[in-house]
Structure formats: C-alpha cells, structure tokens
Amino acid sequence: MSFKIHVTGAAEEAVKRNVPQLVTDLVASGITAQDPALWGPAAEDEASKRLGWTEAVSISRPLVPEIVALRDELRAKGIDHIVLGGMGGSSLAPEVITRTAGVELTVLDSTEPGQVLAALRDRLQTTAVVISSKSGSTLETDSQRRIYEKSFREVGIDPIERIIIVTDPGSPLDASARETGYRVFNADPNVGGRYSALTAFGLVPSGLAGVDLEELLEEAETISLELAIDDPTNPGLILGAAIAGTSPLKDKLGIVSDGTHIVGFADWAEQLIAESTGKQGTGLLPVVLDPLSTEITEGLPDLQIVRLVDNAEAHHLFPANRHEGEILVSGSLGAQLLVWEFATAVAGRLLGINPFDQPDVEAAKVAARSLLDNRPEATTPAFVADGIEVRTTGDFLGDAASLDAAVDALLAQLGPDGYVSVQAYVNRIALSQLAGIRDLLAAKAKRPVTFGWGPRFLHSTGQFHKGGPAVGVFLQITQNPVEDLEIPDRPFTFGQLIQAQAAGDASVLGEHGRPVLTLNLTNPEANLVPLFEAVN
C-alpha cells in the first residue's frame, strides 16, 4: 500500500506557502543526513543525539532474527503470553503495532494497583514480561519489574527465564540486568522515546507477541527514499507543512480514524506530536476524535482535522467523503510511523522549537517523588458529594457545592481558544467506560477535549500541558484503590505511587497557572453514575 496525502483549504495553502522553502532549505535531505542545525543553535546539542530514527530500519533489521529466535524459544516452553511494562512512546508504539496486526499484547503502562494485579493474575505460568525503559531509571517500569520478579519467584519460576529488558546501552538498567543475567536488547541511544517505534522499543515486544517485523520494516523502507528527497511531493514535508504551517495557526489537531485498517494510531500520534511540539508557549495539541465527534460538527476555527483513511487519493473523489479543509492520509503502518516522525520534525522547524526535548516532563516526576518521600496528609476536600471528593488548584470554585457546579466552574475558566484535558488516574481496565466522559464534555464545552489515562500521559502529552499555550483547563479523576499492592523493597505501595503522581502533576499544573479540578472516587463503581451526570 503506497502512502497518500490529500490536502484542501487552509492545509493546502500551508503546503503551497511552506513546502517550496523547505525544499530550497534542503530540509528533507538534511533530516536524513542527521543535520542537527536544522532547528537552530539552541536545539543543536539535543538534535545531534536524537536523529537516529531516520536510519532505524537498517539499524533494526539485525534485531529481527534475534527476536524471532527468542519468540520460538519461549513458545517451545509453552510461554505464549507477552506483557509489556513501559511508559509513553515505548508502550504506545507496540500497542498500535500489535493491535493492527491482530496479535495479543498485554500493555501494562500504569501504576494503578488494580490494573497491575489484573496483569499479574492473568496466565502468569505462561507469561514473559518485557520491561522497556530508555533511561533505565523509569520509576513505573522499575516497580513493574520488581513485582513481576516477586510474583514469578512465588510460583517457583526463575525471573531470569521470563523477563526481557529493553533499554539504552550503558543505562543503569542495562548494567544491572546484565549482571543479574537477564536477556537484554539494546536500543539505539540516538533515538528519543517517542521516535522509537521502529527501534528495539517497538520491535521486541511486538515481535515476541507474534508480529511480522520484516513486513513492518519493509513498509517503512518503501517510503524512506521519498522522505529523503528535497522535492515538493515529499510526503513528510507536505504533512509537516499542513499541520504546522497554517496561517493563522490551527494549533488544535483533530486526528480521526475513519475506516483505516490501522488500529489505535491516533493515540500514538498524539504523544509524538504533543511532546515534540508543546513547549515555549506554543505547540500543536492533538485531539483523538471519532468521525462523529462534536468538535468536527462544530467546525471550530482553530481545529485542523486529519482523517486517517485507507485510500486518501480515492476517498476525496466521492461527494459523501469530501471533507473540505481536512488532511486525508493513508498508507501502511510502517510507512505511517516513519512519515509522522519526519513530519513532526518538520513541524518543529516551522514552529521554531526543538522537537526532540521535553523540558517540562521532569517537573511532574520531581513533584511526585517529593510527595512519596515526604508523604504528607491528603489535603482536605473543598467538599464531598455522592462519595466523590472535590479538590482544586486555583480559586475558581466560588460557592459551588455540587459536582455539576464544580464542573461548570472549571469550564467557566475556558477561553475562546482553550481546551479541556481529562486525566484519569484510575484502573483503565475496570473503569474503561470513563473514556466516555470526553464526548460528554466536548458537547458541553463546545471546545476540543482530550482524554488521557494516568500516569502514562505524563511521559508524553504532559509536556504540552505545561509547556504549550496556557489555555487548558484540567479535569483530574482519581480513585481510592480497591486493593493496594506493595512494591518490593520500596517504602511505598502502587496505590501511594499513583496518588503521588496525580497530586504531583496537579501541583505543577497549578504552579503554571493552569486550573485543575480533581474528583476523587472513594468508591469507584458506585461513584460512576453521579460523575457522568455531573459532566453531562
């Protein structure tokens, strides 16, 4: 399947205005040659060690036989269930790769104790676990590794036979894992986590789960030459200009899956774009939408729609499919991954920011760690209604004394160019219906609404929330753990960890002047009805 992109309206004007200059500036060949000067002097140091994704296909190919051999070895022993402990880009890429291929992968990208326990209780005897951490010091994945080691030992399984490590060479995890005797796959250290889909981070868990990795890499390779050429037909230049070159800038990017064979791609693209562009008060806010989402029917002037289809060239020819002003994109999964990475780098140049750093991600981690170390008493709620504790950062509640009044008070903080971010620090397996709050709030607010499961979004869209335009309002949903779980050799539990992560993020957002309404479910199942009524 060839890659196709079709643009109309403001996006088409952006392409006509920007692509010729990008071609003249030799941006495509410069990215392919890993020229770190393309994003300005301030970005040069970081860019010099973050462009390895441009040659990921060739670097990753030697990994494939190793991954396949390990998969066959595990299956010969009856081990056919793969769990991935990872966060951000290192979990979202394998999620879209395996879902599109139709193979099973349990993605554990949470510290919520009920979700961790559900994974532990699922076929442990036939499970192998991939622990992925670029830095080798990610708190969430370290905690997941510790609990799986303990669980395997408790049933008489040697963890060395069941745990596989993916990390950068020389990281703390690389050293300790090799010393312990774990099987280790090293990723290219010159690739950031969100650009790592076609490196060991994307390939090891996907391949062990059963994905045809050769086919995926072949799909990416077929588009590589087009991306390297300084030509007006270069799809990476076109897509980058279309999403980041509109005038005035349409800085909300609605990504819609409309009949595409690729499953969950918008979630992966969301973290790539938000973390790469959301800084220095600018950026593109990706909003994952359905074809009938309110944001599309409202025709919001600052929202650029990107529609993922299976044939962009043919799609626009039918009157019923003519979406004027939208960007239509189609292509195989491997090609899409590489084109979007390329386009995001181009978008960074057009926006005048460094698309490879994440300066505001660390703040929430530091705040959470401080709360874990000091363990202060929870702040007193402003009020409790229907078993839901209401807290805020910022003084915007006024005399609100009900859940719906509290939600209305938060939405009253929305400006004409604002957005709502729903952040659910809950068990997303047991409370998956919470995602439905997004559509209700969009209908109520008539503005773009994003939805993220905590804490995984902290490693991606969390950067945009703090470093992007200060126009967001934040609805944080937390829960009391139904059942808590100790983290081996740590002075805190999984329940305490996720509570600290939520509280730490809220405090940092508050310090940045962002209004946060926190609704804590003291009895999650019983609290769902009043919660949905409050946002309806």
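Please refer to the structure higher up on the page.
Predicted model only: the values in this text are computed from it and were never measured.

### Some points on the sheet that holds strand β15 (residues 472-479)
Next, step 1: Strand order in the open sheet made by the six strands is β11-β12-β16-β15-β13-β14, with mixed pairing throughout. Where the open sheet ends on each side, the last strands, each with one partner, are β11 (383-385) and β14 (449-453). Looking at each pair of strands side by side, their axes are set apart by 20° on average, direction ignored.
Next, step 2: For strand β13 (residues 419-425) and β14, the ladder comprises five bridges, and the chain directions are parallel. For Q423, the partnering residue across the bridge sits in β14 and is G452.
Next, step 3: Seen against the sheet, helix α18 (residues 403-411) touches β11, β12 (388-393), β13, β15 and β16 (516-521) and runs at an angle of roughly 155° to β16.
Next, step 4: Taken strand by strand, helix α19 (residues 437-445) contacts β13, β14 and β15, and its axis lies near 155° from that of β14.

### Remarks on helix α9 (residues 172-180)
Next, step 1: When α9 is considered as a whole, its buried residues turn out to be L173, D174 and A177. Buried residues of α9 fall within an arc of 100° about the axis and therefore sit on the same side. When the buried face of α9 is taken as reference, the exposed residues oriented beyond 90 degrees from it are P172, A175 and E179.
Next, step 2: Where α9 is buried, its residues meet β4 (127-133), α8 (139-154), β5 (163-167) and β6 (183-186).
Next, step 3: Of the residues trailing α9, G181 is marked for its positive phi of about 110°.

### A few points about the pattern of salt bridges
Next, step 1: Applying the stated rule across the entire model yields 36 salt bridges.
Next, step 2: A salt bridge links D25 to R349, with the nearest nitrogen and oxygen atoms 3.1 Å apart. One end of the pair, D25, is in the loop between α1 (9-24) and α2 (27-32); the other, R349, is in helix α16 (residues 333-351), with 324 residues separating them in the sequence.
Next, step 3: Here K466 ties to D505 by a salt bridge, and the two come within 2.7 Å at their closest N and O atoms. With K466 in helix α20 (residues 461-467) and D505 in helix α21 (residues 494-511), the pair connects residues that are 39 residues apart, well separated along the chain.

### Re unusual backbone geometry
Next, step 1: For the bond from S247 to P248, the omega torsion is 0°, close enough to zero to count as cis.
Next, step 2: Within the element layout of this structure, P248 appears in the loop between α12 (235-244) and β7 (252-257).
Next, step 3: Residue G454 is joined to P455 through a cis peptide bond whose omega torsion reads 5°.
Next, step 4: Mapping P455 onto the fold places it in the loop between β14 and α20.
Next, step 5: A positive phi is found at Q34, a non-glycine position, where the angle reads about 60°.
Next, step 6: Note on placement: Q34 falls in the loop between α2 and α3 (44-47).
Next, step 7: Positive phi values are uncommon outside glycine, yet R123 reaches one of about 55°.

### Things to note about the environment of H512
Next, step 1: For H512, the location among the structural elements is in the loop between α21 and β16.
Next, step 2: A relative accessible area of 31% means that H512 is categorised as partly exposed.
Next, step 3: Distance in space between the C-alpha atoms of H512 and H465 is 9.4 Å, their sequence separation being 47 residues.

### What to know about empty space enclosed by the protein
Next, step 1: Within the structure shown, the criterion is met by one cavity of 30 Å³ or more.
Next, step 2: Approximately 40 Å³ is the volume found for the largest cavity.
Next, step 3: If you go around the largest cavity, the residues you meet are D109, S110, Q115, V426, R428, W453, G454, P455 and R456.
Next, step 4: Looking at the lining of the largest cavity residue by residue, the class counts come to three nonpolar, three polar and three charged.

### A few points about the packing of α1 against α12
Next, step 1: At a minimum axis separation of 8 Å, α1 and α12 run at an interaxial angle of 125°. Taken as axis vectors, α1 and α12 run oblique relative to one another. Where α1 crosses over α12, the handedness of that crossing is right-handed. Here α1 contributes A11, A14, V15, N18, V19, L22 and V23 to the contact with α12, which in turn contributes L237, I238, A241 and A242.
Next, step 2: Each residue belonging to the contact of α1 with α12 can be placed in one class, and the counts come to ten nonpolar, one polar and no charged.

### Structural notes on the nonpolar core
Next, step 1: Counting 90 residues, the largest nonpolar core has W53, F265, W268 and W340 as its most contacted members.
Next, step 2: The greatest single-element share of this core, amounting to twelve residues, is contributed by α16.
Next, step 3: Ignoring anything within four residues of it in the chain, the contact list for W268 reads L92, A93, V96, R194, A197, L337, W340 and E341.

### Structural notes on the sheet that holds β6
Next, step 1: Taken in spatial order, the five strands make up an open sheet running β3-β2-β4-β5-β6, and their pairing is parallel. Strand pairing shows two members of the sheet lacking a second neighbour, β3 (106-108) and β6, which therefore form its edges. Strand-to-strand twist of the sheet, defined as the mean angle between neighbouring strand axes without regard to direction, takes the value 20°.
Next, step 2: Two strands pair when backbone bridges link them, and strand β2 (residues 81-85) and β3 are joined in this way by three bridges, in the parallel orientation. Looking at β3, one finds that G85 is bridged to L108.
Next, step 3: In the packing of helix α5 (residues 63-76) onto the sheet, contacts are made with β4, β5 and β6, and the angle to β6 comes to roughly 155°.
Next, step 4: In the packing of helix α10 (residues 200-209) onto the sheet, the strands contacted are β2, β4, β5 and β6, and the crossing angle to β5 comes to about 155°.

Conventions and cut-offs
- Residues numbered from 1 in each chain as written.
- Predicted model: local features only at pLDDT ≥ 70, side-chain atom pairs only at ≥ 80, totals over all residues.
- Heavy atoms only, no water.
- Pairing = 2+ DSSP bridges.
- Helix = DSSP H or I, 4+ residues; strand = E, 2+ residues; numbered from the N terminus.
- Axes fitted to C-alpha atoms, helices over the stretch in contact; angles between N-to-C directions.
- Contact = heavy atoms within 4.5 Å.
- Buried < 20%, exposed > 50% of the residue type's maximum accessible area, 1.4 Å probe, protein only.
- Arc of directions from axis to C-beta.
- Salt bridge = Lys/Arg side-chain N within 4 Å of Asp/Glu carboxyl O.
- 1 Å grid on protein atoms, 1.4 Å probe; cavity = no way out; pocket = protein on both sides within 12 Å on 5 of 7 lines; lining within 4 Å.
- Points joined across faces, edges and corners; volume = space filled by probe spheres on them.
- Nonpolar A, V, L, I, M, F, W, Y, C, P; charged D, E, K, R; others polar.
- Parallel < 35°, antiparallel > 145°, perpendicular 65-115°, else oblique.
- Left-handed = near helix turned anticlockwise from the far one by under 90°.
- Core = buried A, V, L, I, M, F, W, Y, C linked by side-chain atoms within 4.5 Å.

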